[in-house]
Amino acid sequence: MVEEIGTNEEGELVINMGPQHPATHGVLHLVVTLQGETIKKIEPHLGYIHRSIEKMCESLTYRQFSYVTSRMDYLSSHINNHACAMCVEKGLQVEVPPRAQVIRVMVDELTRIASHELWWGAMAMDLGAFTPFFHAFRERENINDIMEETCGARLTMNYIVPGGVMADIHPNFQKRVKSFIELFRSKIDEYDELVTGNIIFQNRMKGVGWISAEDVVSYGCTGPVARASGVHSDIRKLFPYEIYEKLQFNEILETGGDSFARYMVRMRELRESVHILEQLVDNIPEGEFQAKTKAVLKLPKGEFYQRVETARGELGVYIVSEGATTPYRIKFRSPGFANLSALDHIAAGGKLGDLVASMGTLDLVIPDIDR
Amino acid sequence: MPSFENITNAIHTWLTTHLSAGWAFFIELVLVGVAAIALFAALGLVLVLMERRVAAWMQIRLGPNRVGPKGMLQSLADTIKLIMKEGLTPEGADKFLFNVAPYVVMIAAMLLLAPIGFARNLQIWDLNIGVLYISAISSISVIGILMAGWASNNKYSLMGAMRSGAQIVSYELSAGLSVLAIVVLTGSLRISDIVQSQETGWWIFKGHLPAIIAFVIFIIAVTAETNRAPFDLAEAESELTAGFHTEYSGMKFALFFLAEYINIFIVCAIGATLFFGGWMPFHIGHWDGFNHVMDYIPSSVWFFGKTFGLIFLIMWFRWTFPRLRVDQLLNLEWKYLLPISMVNLVLVTLVAIKQWHF
């Protein structure tokens, strides 16, 4: 005879989604309490990919530690490096040359597009549509090629360093970015035709995983998750860094607060990022790509904080310096962790299929949550 | 024209002249069984390869292209691999039910091959209630799926099986009602009669709007009945890992896999028979010259052409659409498809009584 299937005292079914599960995209472990198909409670368990990156950073010099951060949110490695570099520059009071600033913003936006594309494909796959994944990867491949030429890597880039960027852009960079923009404009419309307008997709997303603006603020959600509920949270607008002040772009806001609103925020952000790239691709100023800095960096005694907008939300880097060559303490405020904390609030009460849709639109990258 | 009847008759005469009537009948049964199993295996291999190539084509990939010419032996290689794999039975599983379930599903699929007319005079069993037989036998596979889900002692499997039960039982209603539309028009449950009635044109053209509505509902319902995307909630890999066959491995998994593809073939064959004339060539009314030219294309080509056309349609669904949620799935059936097919049945009856069809 089959033994009693594991239920808790209330007769509810408790299932372990993860650490190995196709929908968690990594080693996230969710303990889901179900009443039939309806979700009662979700408890995320972390720690499966904890590499103590913060502690590792404390034993690395100010030039070295940003390399580790590429492995946090590996889909926006440039932006992680950017945050670290800017935080160190704040301490050193280094002025970054204009050419480096433009290059930094350009690779940031390319990273954002690549990250959103992977999210789009993976989320469609969570909902059972396989084909979008391959379509997304076809265009993402172009960005990877651009990165490979200029930065020498395709995923964990380590291109942005304190003082500027590590090397000048490849001669093909501008040409390739231009052809990518042209290609991508037509492909976004294709994405919309394939997925956004699909009636099954809209039924799966609309009204699912709703979160109010107040709850977004109290859970500390940032990025597209917050903007989908109508909360201004774009760091590029609120606390502009580099040359974002001078650029023309909109903060994408939706008011729906559901999975479809989060989806639409990211789809519109893709177009916005392309718009930013268009403004910059022909306007890269001549000059140095790196400011002159000392070989061994020493931050003055004090505390430094820098925030940036990654593809997932607000990333904060907090450095406590004792004046030595290595930081005394480093703390990262990662967007994924705060967004994950709202998962129980968002998905409880829905069906099991809704959990997958909500989790997909939170765009979780597990190494970012679990550093 | 060469006909399969000549071959079967030749075998029959040879056997009856050389053996007693009892032995001849027994050997004929064995031959038919072997032929059915061979067809079963061949279809499985072809359809798996076809699915992979269609998927690859839609996803800008190449698909299997290494084993054999143009990757044609890939599914054979996979089968050999699956046969040689260890078939695990999880601890705490109901061993008897766990091991029987794949065979229930497979045998149900196999039995369905019997009343299908593959070509002119090529049919295993032309029974007078063919359509009823198909509806009855196709319901058996859900028992196998429920057995597999329950016996695995796995929560994901159990949920997959429960979803599958709810889904297949509901969608059987619409599938049955849309099949009934053609039965009403033909006035017979016998498959050969249904095919013969389409000699002057296929029902999808002859039956006006009600036939088209019935066909659309039929395709939606059978996609759900075979647990294919966008109705693949029973296996829903992003929610339930693999649903009812999560715990199966090796050949037992392969049997589920094979049964799924045979079921697709069968429902498409039924769709082709009912709405597109089965092996009947494309005929237009009494244009004898045109009809005569069409007759030169062998009837088996017509049958398999139509069936594979429908199979392609169902594969196209799978690689394009996202999956429905379980409550939306049941809403679609009970709130939309069932009422529509009931009204449609009344319409069809009106058409049949008034002789409005061609």
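Residues numbered from 1 in each chain as written. Chains lettered and ligands numbered in written order. Predicted model: local features only at pLDDT ≥ 70, side-chain atom pairs only at ≥ 80, totals over all residues.

A.B. asks: Just checking my understanding: could you explain the overall build of chain B for this structure?
C.D. replies: Helix and strand counts for chain B come out as 15 helices and 2 strands. Taken over C-alpha atoms, the radius of gyration comes to 21 Å for chain B, in line with the 21 Å a tight globule of 358 residues would show. Expressed as lengths along the three principal axes of its C-alpha atoms, the size of chain B is roughly 65 × 60 × 45 Å. Taking contacts inside chain B between residues at least 6 apart in sequence as the whole, the part at least 24 apart equals 78%. (Helix = DSSP H or I, 4+ residues; strand = E, 2+ residues; numbered from the N terminus. Rg over C-alpha atoms; globule rule 2.2 N^0.38 Å. Contact = placed C-beta atoms within 7 Å.)

A.B. asks: Where do I start with the overall build of chain A in this structure?
C.D. replies: Looking only at helices and strands, one finds 15 helices and 8 strands in chain A. Taken over C-alpha atoms, the radius of gyration comes to 21 Å for chain A, in line with the 21 Å a tight globule of 371 residues would show. When the backbone C-alpha atoms are referred to their principal axes, chain A occupies close to 70 × 50 × 40 Å. A total of 371 residues make up chain A; the buried ones form 48% of that total. Long-range pairs, those at least 24 residues apart, make up 69% of the contacts in chain A with a sequence separation of at least 6. (Buried ≥ 20, exposed ≤ 12 C-beta atoms within 10 Å, placed from the backbone.)

A.B. asks: Help me out: how do you make sense of the sheet that holds strand β1 (residues 13-17) of chain A in this one?
C.D. replies: Within a sheet, each strand pairs with its neighbour through backbone hydrogen bonds, oriented either parallel or antiparallel. Residues and elements named next belong to chain A. Spatially, the 3 strands line up as an open sheet ordered β1-β2-β3, and their pairing is antiparallel. Pairing within the sheet leaves two strands with one partner each, and these edge strands are β1 and β3 (38-45). Pairwise comparison of adjacent strand axes, ignoring direction, gives a mean angle of 20° for this sheet. Strand direction decides the pairing type here: β1 and strand β2 (residues 29-35), joined by 5 bridges, are antiparallel. When the sheet's bridge partners are listed, Leu13 is paired in β2 with Leu34. (Pairing = 2+ DSSP bridges. Axes fitted to C-alpha atoms, helices over the stretch in contact; angles between N-to-C directions.)

A.B. asks: Just to check I follow, could you spell out the interface of chain B and chain A for this structure?
C.D. replies: Frequently, the measure chosen for interface size is the accessible area removed from exposure when the parts meet. Listed as interface residues are 29 residues of chain B and, on the opposing side, 31 residues of chain A. Mapped by element, the contributors of at least two residues to the side of chain B that touches chain A are α6 (140-151), α7 (155-186), α11 (237-240) and α15 (326-354) of chain B. Partitioning the side of chain B that touches chain A into residue classes produces 13 nonpolar, 7 polar and 9 charged. (Nonpolar A, V, L, I, M, F, W, Y, C, P; charged D, E, K, R; others polar.)

A.B. asks: Hey, could you run me through the environment of Gly68 of chain B in this one?
C.D. replies: All names here are of chain B. Relative to the elements of secondary structure, Gly68 occurs in the loop between α2 (21-58) and α3 (74-84). Take Gly68: there are 14 C-beta atoms within 10 Å of it, and that puts it in the partly exposed class. Between the C-alpha atoms of Gly68 and Trp334, which are 266 residues apart in sequence, the distance is 47 Å.

A.B. asks: Hey, could you run me through the sheet that holds strand β6 (residues 302-309) of chain A in this one?
C.D. replies: Residue and element names in this part refer to chain A. Strand order in the open sheet made by the 3 strands is β6-β7-β8, with antiparallel pairing throughout. A single partner strand is all that each edge strand has here, and the edge strands are β6 and β8 (329-333). On average, each strand axis in the sheet is tilted by 10° relative to the strand beside it, whichever way the strands run. As judged from the 5 bridges shared by strand β7 (residues 314-321) and β8, these two strands associate in the antiparallel manner. The residue bridging Gly316 from the neighbouring strand is Arg333, located in β8. In the packing of helix α3 (residues 77-92) onto the sheet, contacts are made with β6 and β7, and the angle to β6 comes to roughly 145°.

A.B. asks: How do you make sense of the pairing of β6 of chain A when you look at a structure like this?
C.D. replies: Walk down a regular strand and you will see the side chains alternate between the two sheet faces. Residue and element names in this part refer to chain A. Across 8 bridges, the pairing between β6 and β7 is antiparallel. The residue of β7 that forms the bridge with Tyr305 is Tyr318. In this antiparallel pair of consecutive strands, β6 and β7, the connection spans 4 residues, and Gly313 shows a positive phi of 145°.

A.B. asks: Can you walk me through the confidence of the model for chain B in this structure?
C.D. replies: Detailed reading of predicted coordinates is not advised where the pLDDT is low. Residue and element names in this part refer to chain B. Taken as a whole, chain B shows an average pLDDT of 84; of its residues, 98% reach a score of 70 or greater. Mean pLDDT across the elements of chain B ranges from a minimum in α11, with 76, to a maximum in helix α14 (residues 299-318), with 89. Both scores are available for the predicted complex, with the pTM at 0.85 and the ipTM at 0.80. (pLDDT = per-residue confidence, 0-100.)

A.B. asks: What is the right way to read the environment of Gly163 of chain A from this model?
C.D. replies: Relative to the helices and strands, Gly163 of chain A is located in the loop between β4 (160-161) and β5 (164-165). Judged by the 24 C-beta atoms lying within 10 Å of it, Gly163 of chain A falls in the buried class.

A.B. asks: Sorry if this is basic, but what is going on with helix α14 (residues 352-362) of chain A here?
C.D. replies: Along an α-helix, residues three or four positions apart point the same way, because every turn accommodates 3.6 residues. Residues and elements named next belong to chain A. By the criterion of burial, α14 is predominantly enclosed, with 11 of the 11 residues buried. Considered for burial, the residues of α14 that qualify are Leu352, Gly353, Asp354, Leu355, Val356, Ala357, Ser358, Met359, Gly360, Thr361 and Leu362. Two residues or fewer past α14, Asp363 is found with a positive phi of approximately 55°.

A.B. asks: Could you clarify how one ought to interpret the nonpolar core in this entry?
C.D. replies: It is characteristic of soluble globular proteins that their nonpolar side chains tend to be buried jointly. Counting 151 residues, the largest nonpolar core has Val105, Ile182 and Ile266 of chain B as the members making the most contacts within it. Counting residues per element, this core draws most heavily on helix α12 (residues 250-276) of chain B, which supplies 18 residues. Setting aside anything within four residues of it in sequence, one finds Ile182 of chain B in contact with Ile194, Trp203, Ala214, Leu274 and Phe275 of chain B. Judged by nonpolar contacts, the second largest core, of 46 residues, contains Ile143, Ile146, Met157 and Ile160 of chain A. (Core = buried A, V, L, I, M, F, W, Y, C linked by C-beta atoms within 7 Å.)

A.B. asks: Help me out: how do you make sense of unusual backbone geometry in this one?
C.D. replies: Note on backbone geometry: most residues besides glycine have negative phi, and most peptide bonds are trans. Residues and elements named next belong to chain A. The residue Gln93 is not glycine, and still its phi comes out positive at about 55°. Counting through the fold element by element, Gln93 comes out in the loop between α3 and α4 (98-126). The exposure class of Gln93 is exposed, given the 7 C-beta atoms found within 10 Å.

A.B. asks: Mind showing me how you'd approach the packing of α4 of chain A against helix α11 (residues 259-281) of chain A here?
C.D. replies: Helices that pack against each other are described as a pair by the angle of their axes relative to one another and the distance between those axes. All names here are of chain A. Across the interface, α4 lies against α11 with an axial gap of 9 Å and an inter-helix angle of 155°. Classed by the angle they form, the pair α4 and α11 counts as roughly antiparallel. Considering the relative orientation of α4 and α11, their crossing is left-handed. The segment α4 lies against α11, with Val102, Val105, Met106, Glu109, Arg112, Ile113, His116 and Trp119 engaging Arg266, Glu269, Leu270, Ser273, Ile276, Leu277 and Leu280. Looking at side-chain class alone, the contact of α4 with α11 contains 9 nonpolar, 2 polar and 4 charged residues. (Parallel < 35°, antiparallel > 145°, perpendicular 65-115°, else oblique. Left-handed = near helix turned anticlockwise from the far one by under 90°.)

A.B. asks: Before we go on, may I ask you to explain the packing of helix α4 (residues 95-111) of chain B against α6 of chain B in this structure?
C.D. replies: Residues and elements named next belong to chain B. The interhelical angle for the contact between α4 and α6, taken along N-to-C directions, is 160°, at an axis separation of 8 Å. Compared by their axis directions, α4 and α6 come out roughly antiparallel. Here α4 runs over α6; the crossing is left-handed. In this structure, α4 contributes Leu97, Phe98, Val100, Ala101, Val104, Val105, Ala108 and Ala109 to the contact, and α6 contributes Ile140, Ser141, Ile143, Gly144, Ile145, Met147, Ala148, Trp150 and Ala151. Per-class residue counts for the contact of α4 with α6 are 15 nonpolar, 2 polar and no charged.

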